[in-house]
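# Observations on chain architecture
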Amino acid sequence: MDFNDNKEEAAFRAEAAAWLKANAPSEEELAGMDELAAAKMWQKRKYDAGWACIRWDKEFGGRGANAIQQVIWNQEEAKYKVPAGFFVIGQGMAAPTLMTWGKPEHHERYLPKLASGEEIWCQLFSEPAGGSDLAALRTKAERDGDDWIINGQKIWTSGAHYSDYGILVVRTDPNVPKHKGLSYFFLDMKSPGVEIKPIKQLTGGANFNEVYFTDVRIPDSQRLGEVGQGWQVALTTLMNERAAIGGGGAGVNVEMAYRIANEVMIDDKPAIADSAVRAKLANWYVQESGLRFTGYRSMTAMSRGEIPGPENSIGKLVGAPKTQEMASFCMDLLEMSGAIWDENLSKEAGLVQLTYMGAPGGRIAGGTDEIMANIIAERVLGMPQEPRMDKGMPFSEVPTGSN
Amino acid sequence: MDFEFSDEQELLREQARGFLADNCPPTVVRKVLDGDAEYDAELWQKVAEMGWTATVIPEEFGGLGLSYLELVVIAEELGRAAAPIPFSSSVYLATEALLAVGSQEQKEKWLPLLASGEAIGTFALAEGNGRPSVSNLTTTAAGGLVNGRKIPVADGGIATFAVVVAASDQGDSASLQLVELDQSGVSREAVRTLDFSRGHAAINFNNAKAELLGGEGAGWAAMEGLLDRAAVLFAWEQVGLADAALNQARDYAMGRYAFGRSIASYQAIKHKLAGMYVKNTLARSNCYYGAWALDSDSSELALAAATARVGSIQASVHAAEENVQTHGGMGFTWEFDCQFYYRRAKLLSVNIGSEGYWQDRLITAYEQTNAA
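Calculation rules
- The numbers attached to residues start from 1 for each chain and follow its sequence in the written order.
- The naming scheme follows written order: chains are lettered A onward, ligands numbered 1 onward.
- Two thresholds apply to this predicted model, a pLDDT of at least 70 for residue-level local features and 80 or more for giving and counting side-chain atom pairs, whereas whole-chain, interface and lining totals are computed over all residues.
- Segments assigned H or I by DSSP are reported as helices when at least four residues long, segments assigned E as strands when at least two residues long, and all are numbered from the N terminus.
- Throughout, radius of gyration means the C-alpha value; the globule benchmark is 2.2 Å times the number of residues raised to the power 0.38.
- Neighbour counting defines burial: a residue surrounded by 20 or more other C-beta atoms within 10 Å of its own C-beta is buried, one with 12 or fewer is exposed, and intermediate counts give partly exposed, using backbone-placed C-beta atoms.
- Our contact criterion uses C-beta atoms placed from the backbone: two residues qualify when those atoms are within 7 Å.
- Each direction from the helix axis to a C-beta atom contributes to the arc, which is the arc of those directions.
- Only buried residues count toward a nonpolar core: Ala, Val, Leu, Ile, Met, Phe, Trp, Tyr and Cys, linked into one set through C-beta atoms within 7 Å.
- These domain limits were set by an automatic method or by a database of domain assignments.
- Under the grouping applied here, Gly and all other residues not named as nonpolar or charged are polar, the nonpolar ones being Ala, Val, Leu, Ile, Met, Phe, Trp, Tyr, Cys and Pro and the charged ones Asp, Glu, Lys and Arg.
- The predictor's confidence in any single residue is recorded as pLDDT, a number from 0 to 100.
- Angles here are taken between N-to-C directions and fall from 0 to 180 degrees, while the axes themselves are lines fitted to C-alpha atoms, restricted in helices to the stretch in contact.
- Crossing chirality is assigned from the near helix's rotation relative to the far helix, an anticlockwise turn below a right angle marking it left-handed and a clockwise turn marking it right-handed.
- By this rule, a helix spans an expected 1.5 Å times one less than how many residues it contains.
- Here, strands pair whenever DSSP counts at least two bridges between them.
- Orientation labels follow simple angle bins: below 35 degrees gives roughly parallel, above 145 gives roughly antiparallel, 65 to 115 gives roughly perpendicular, and whatever is left gives oblique.

## Things to note about the overall build of chain A
Summing up its helical and strand segments, chain A has twelve helices and ten strands in all. In summary, chain A has a C-alpha radius of gyration of 23 Å against a globular reference of 22 Å for 403 residues, a match within 12%. Dimensions of chain A along its principal axes, counting C-alpha atoms only, are 75 × 50 × 45 Å. The buried share of chain A, taken over its 403 residues, is 41%.

If you want it as C-alpha cells, here you go:
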C-alpha cells in the first residue's frame, strides 16, 4: 500500500500535467462556444495528442495506459475547468460493450471516433413498461433478410437529439421467458423511421427524450452477441454504466458546502463554527473520501487484472442521495434566501438550487437507489432474489398494469 | 500508487484469522462476558507469543520492527473476533505513547515488557461525564506526584502502568505522566461498562509516584497526536467488527424462513444489509488511507485518522444495531452472540472520544489542510 506515486507514476503525472498546462482551454477560448462544440473541441484535442480514453489500445485511439495512470490523469484533468459530459455513454458504456461483444471491424470503425468525440452515442434501453424491470421491454425486432425491422418506443434517452449512434435492446422473441427473448443492436440515429421527442424535466431542462421506432431497418451486422443473448450483452453495458456514472464529487461537494458555511452566519458567527454544521460536513467528507478511495482500490484491482464488479454500484448509491442532501443543506444554510434560484442573486450562481432540482434524476437514472441496493444484496452479499411472478412465463403471457 | 495490501500482509491476515478462530471462538468471549475476569489471560498470553503485541516495536526494544500495515491487519481480525483482551489499551495507546514521546530510558524499560505482553499499559484521560478539555482537567502532577481521579480507564484494573493526562501550569497546560499502578498511592475500583467482556476501572491517585512522559506542558498536543495514531488502529478494529456483524446478519437471514421463504429474499432485509455493506466499505476505504498516513508519518494523518475514525464508528455501530434487528427476538437474547458486537461497537465508539468529538477534529483538520 502506497498512496504516493512511484517513479514511473510521478513521471507520468508530470507529463500529463505539462500537457494539460499547455493545452487545457482557457475561459476566453471557451467564451461564446456552446457546450457541445466546446466538449467536442477539447475531446478532439486530447485525442490528437494521445490523451483521450487513455486506457484503450493505441490502435483504437487510446494510449494503452493502466488503471492507475487513469486515476492520475483524472486527478490532473480535474484541476482544470474543461468541458465534459457528452461522451460518458459512448466511451464509458457503448465502447466497453463493443470491445467485449463486437467484431474487429466494429472496433476499427467505431472506437476511434468514440475516442475522438467525433461521434456521440446514446443508450436506448428503458421503455415506458421497462425501467427497473428492464427486461420487460417491448420494442420488437423482426427478421427481414439481412436486416431487422424495429417497432416500438424507448424513453429517458439522454442526448438522443445530438447522438450519432445508439445502443439498443429489443425483443426478438415474445414467446419465451422475458430475459431469453432479447437481442442487442446498435444503430445509426439518422435511420429513417427514428423520431426523437424531447421530455421536459422538472428542472425545466430537456436533456432526455422519447425515441419512437417505426419500421426502422438495422443490418444484422450491427447485432452484438447472439440472437436471444441480449440480456447478457446489456449487463456488460450496465456494469460499466454504474462504474461510469460513479459517485462524483462535482457540483455541490464538501468544498463548496465548506465555502458557503464560512460565508454565511448563524447567531452572528460563521456557520462553520456551529457543531451541527461541522458534524454534517464531516459525515459528507467521510462519504466523499470513502468513495474516492473505494474507487482507487477498484482501480488497483483492475490493474491486477480483475474486471469491474457489482461493487461499483456503491458510487451511485452513495453519491446520488448525498448530492441531494448536500444541496438541500446548503440551501438551509442560506436560510430564507435559499429559495432564490438566480444566477446573479444566488450564492455559487444558483448551482446549489440547480443541483437540488436535478438530484432526483441522479437517484433514478442508470438504476434507482433501490435497484442498486438489490444488486449489492444479491450479487455482492449473495442474497436471494424476491420471488418473481413472471418467472419462466412466456413474455407474451406476463400480466401488465395501467401505469 | 497501490491501494491494496501486499501478498505477505494478506497471508498474515489469513494466519491471524485462523489463529483467532481456534483460540478466540465465541465461547472465549462469553467466558469473560459471563464471568468475573476482566480479560482472557490465556488468550492474551497466546497473542503475545504470536508477537502481535510486539508488531511495530523496534527490534532494539525487543519488538518485531514491522510496519503499521501489519498492525492494522491484526487489529481488524481482533475486532472481527471481539477478542476480550487489553490489546487496544496496551498496543494502540500505551505503546504508541512511549514510541512517540518516551525517553530512551523509558523505552528501554517498558517497550520490551509491552512487546512480550508481560506488562499491560493503558491510557487515562477521562474524569467523568462530558468531553475532556485542557481547562476541565482536575488531575494534577507536581514534584513527581500525581493526584486526582480518572474514570473510566479501559483495562485499568489489570494494567501495569497508565499514561495519565494531568494538568500542568506550563505550556499547553497539560503533561503526560507515566504512573505504575501497583503502588500505595494508587487505588482502583472496577467499573462496570456496557461491554462486560472488557474490564474498566476508576483509578484514584493520591500522591502517586509518576514519571513525566514527553515534555512538561506539551501533554495536550502529545495526547491529541497519540489519539490520531490510536484512532487509525481503533478504526481498523471497528471495521473488522462491522464486517463480522454484517456476515452474522446475512448468515442468519439466509437460514431464517418466514411466510414460506428466506427472509434474506425480502427487499426490506436486503436493503438493510446493502446499507451495512456500503457503510462498511466506505469505512474500510478510509481506513486504508488512515493506515497509509500512519505508516508513512504523513502530514495528512490528522485528517486521515479522523476520517477513518468517524466512518468506522458509524459503520460499526450501525452494523451492530442492524444485526440485532435482523435476528429479531433471538438477537435480543443473552444466548445469541449478537450482543458481542452490539456491546463492543458502542464501547469502542466512545473509548477514545465520541463520533461528535472526531467529527469536530475532522473539520478542524480539513481547515488546517486547506489553509496550508
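## Describing the overall build of chain B
A tally of helices and strands in chain B yields eleven helices and ten strands. Its C-alpha radius of gyration of 20 Å places chain B within 12% of the 21 Å reference for a compact globule of 372 residues. Expressed along its principal axes, the backbone C-alpha trace of chain B runs to roughly 75 × 50 × 40 Å. For chain B, the residues scored as buried account for 58% of the 372 residues in total. In chain B, once contacts between residues fewer than 6 apart in sequence are set aside, the share between residues at least 24 apart is 74%.

## Some remarks on helix 4 (residues 67–77) of chain A
Residues and elements named next belong to chain A. Those residues of helix 4 that fall on the buried side of the exposure criterion are Ile68, Gln69, Ile72, Trp73 and Glu76. The arc that holds the buried residues of helix 4, viewed along the axis, is 140°, so those residues lie on one side. Packing partners of the buried residues in helix 4 comprise helix 1 (7–23) and helix 9 (275–303).

## Let's talk about the nonpolar core
Ala257 of chain A together with Ala162, Val163, Val179 and Ala231 of chain B are the most contacted members of the largest nonpolar core, which totals 232 residues. The biggest single contributor to this core is helix 7 (residues 219–255) of chain B, with 20 residues. Those residues in contact with Ala257 of chain A, other than ones at most four positions away along the chain, are Val252, Leu281, Trp284, Met326, Phe329 and Cys330 of chain A.

## Here's the deal with the interface of chain A and chain B
Counting residues at the interface gives 38 residues for chain A and 37 residues for chain B. For the side of chain A that touches chain B, the secondary structure elements donating two or more residues are helix 4, helix 9, helix 10 (313–333) and helix 12 (369–380) of chain A. Element by element, the count of residues in the side of chain A that touches chain B is highest for helix 9 of chain A, at 16 residues.

## Examining the domain arrangement of chain A
Residues and elements named next belong to chain A. Looking at chain A, the domain boundaries give domain 1 (7–84), domain 2 (121–228) and domain 3 (246–380). Of note, the centres of domain 1 and domain 3, computed from C-alpha atoms alone, are 25 Å apart. Taken together, the five residues of domain 1 in the interface contact four residues of domain 3. Taken together, the residues of the side of domain 1 that touches domain 3 sort by class into three nonpolar, two polar and no charged.

## As for unusual backbone geometry
Cis geometry marks the peptide bond from Ile151 of chain B to Pro152 of chain B; its omega dihedral reads -5°. Its identity is not glycine, yet Asp267 of chain A carries a phi of approximately 50°, on the positive side. By the element assignment, Asp267 of chain A lies in the loop between strand 9 (265–266) and strand 10 (269–270). Take Asp267 of chain A: there are 7 C-beta atoms within 10 Å of it, and that puts it in the exposed class.

## Structural notes on the domain arrangement of chain B
Residue and element names in this part refer to chain B. With domains assigned, chain B is organised as domain 1 (7–116), domain 2 (121–215) and domain 3 (220–371). Using C-alpha coordinates to define each centre, domain 2 is positioned 28 Å away from domain 3. Each partner contributes to the interface: domain 2 provides 15 residues, whereas domain 3 provides eleven residues. Classifying every residue of the side of domain 2 that touches domain 3 gives seven nonpolar, four polar and four charged.

## Some details on the confidence of the model for chain B
Mean pLDDT over chain B: 97, with 100% of residues reaching 70 or higher. Across the interfaces of the predicted complex, the ipTM metric reaches 0.96, alongside a pTM of 0.95.

## What about the packing of helix 10 of chain A against helix 12 of chain A?
All names here are of chain A. As a packed pair, helix 10 and helix 12 sit with axes 9 Å apart at the nearest point and diverge in direction by 145°. Both helix 10 and helix 12 take part in a crossing whose hand is left-handed. Along the contact surface, helix 10 presents Ser313, Lys316, Leu317, Ala320 and Pro321, while helix 12 presents Asp369, Met372, Ala373, Ile375 and Ile376. A class-by-class count of the residues in the contact of helix 10 with helix 12 yields seven nonpolar, one polar and two charged.

## Some remarks on helix 5 (residues 87–101) of chain B
Between its terminal C-alpha atoms helix 5 of chain B stretches 20 Å, which fits the 21 Å expected from 15 residues at 1.5 Å a residue. The element helix 5 of chain B is largely enclosed, with a buried count of 13 among its 15 residues.

## A closer look at the environment of Leu381 of chain A
Turning to its location among the elements, Leu381 of chain A is positioned in the segment after helix 12. Filtering out sequence-adjacent residues up to four positions away, Leu381 of chain A remains in contact with Ile376 of chain A together with Arg250, Leu273 and Tyr277 of chain B.

## Quick word on the pairing of strand 7 (residues 200–209) of chain B
Bridge count for strand 3 (residues 145–154) of chain B against strand 7 of chain B is seven bridges, and the pairing is antiparallel. From the neighbouring strand, Lys150 of chain B faces strand 7 of chain B, where its bridge partner is Ile203 of chain B.

## Structural notes on the pairing of strand 5 (residues 182–188) of chain A
Residues and elements named next belong to chain A. Most of strand 5 sits inside the fold, with six of its seven residues counted as buried. As paired strands, strand 4 (residues 165–171) and strand 5 are joined by seven bridges and run antiparallel to one another. Across the sheet, residue Arg171 finds its bridge partner in strand 5, namely Leu182. Bridging between strand 5 and strand 8 (residues 223–224) involves two bridges; their strand directions are antiparallel.

## Notes on the environment of Phe19 of chain B
Residues and elements named next belong to chain B. Within the fold, Phe19 resides in helix 1 (residues 7–23). Take Phe19: there are 17 C-beta atoms within 10 Å of it, and that puts it in the partly exposed class. When the C-alpha positions of Phe19 and Leu294 are compared, they lie 26 Å apart, and in sequence the two are 275 residues distant.

## Some points on the environment of Val32 of chain B
Residues and elements named next belong to chain B. The residue Val32 is located in helix 2 (residues 26–34) in this model. With 23 C-beta atoms packed within 10 Å, Val32 lands in the buried category. Counting along the chain gives 51 residues from Val32 to Ala83, while the straight-line C-alpha distance between them is 10.0 Å.

## Looking at the packing of helix 7 of chain B against helix 9 (residues 301–327) of chain B
Residues and elements named next belong to chain B. Contact pair helix 7 / helix 9: the axes reach a minimum separation of 7 Å and the direction vectors enclose 25°. By the criterion of interaxial angle, the relationship of helix 7 to helix 9 is roughly parallel. Relative to helix 9, helix 7 is oriented so that their crossing is left-handed. Among the residues forming the contact of helix 7 with helix 9, the class breakdown is 21 nonpolar, seven polar and three charged.

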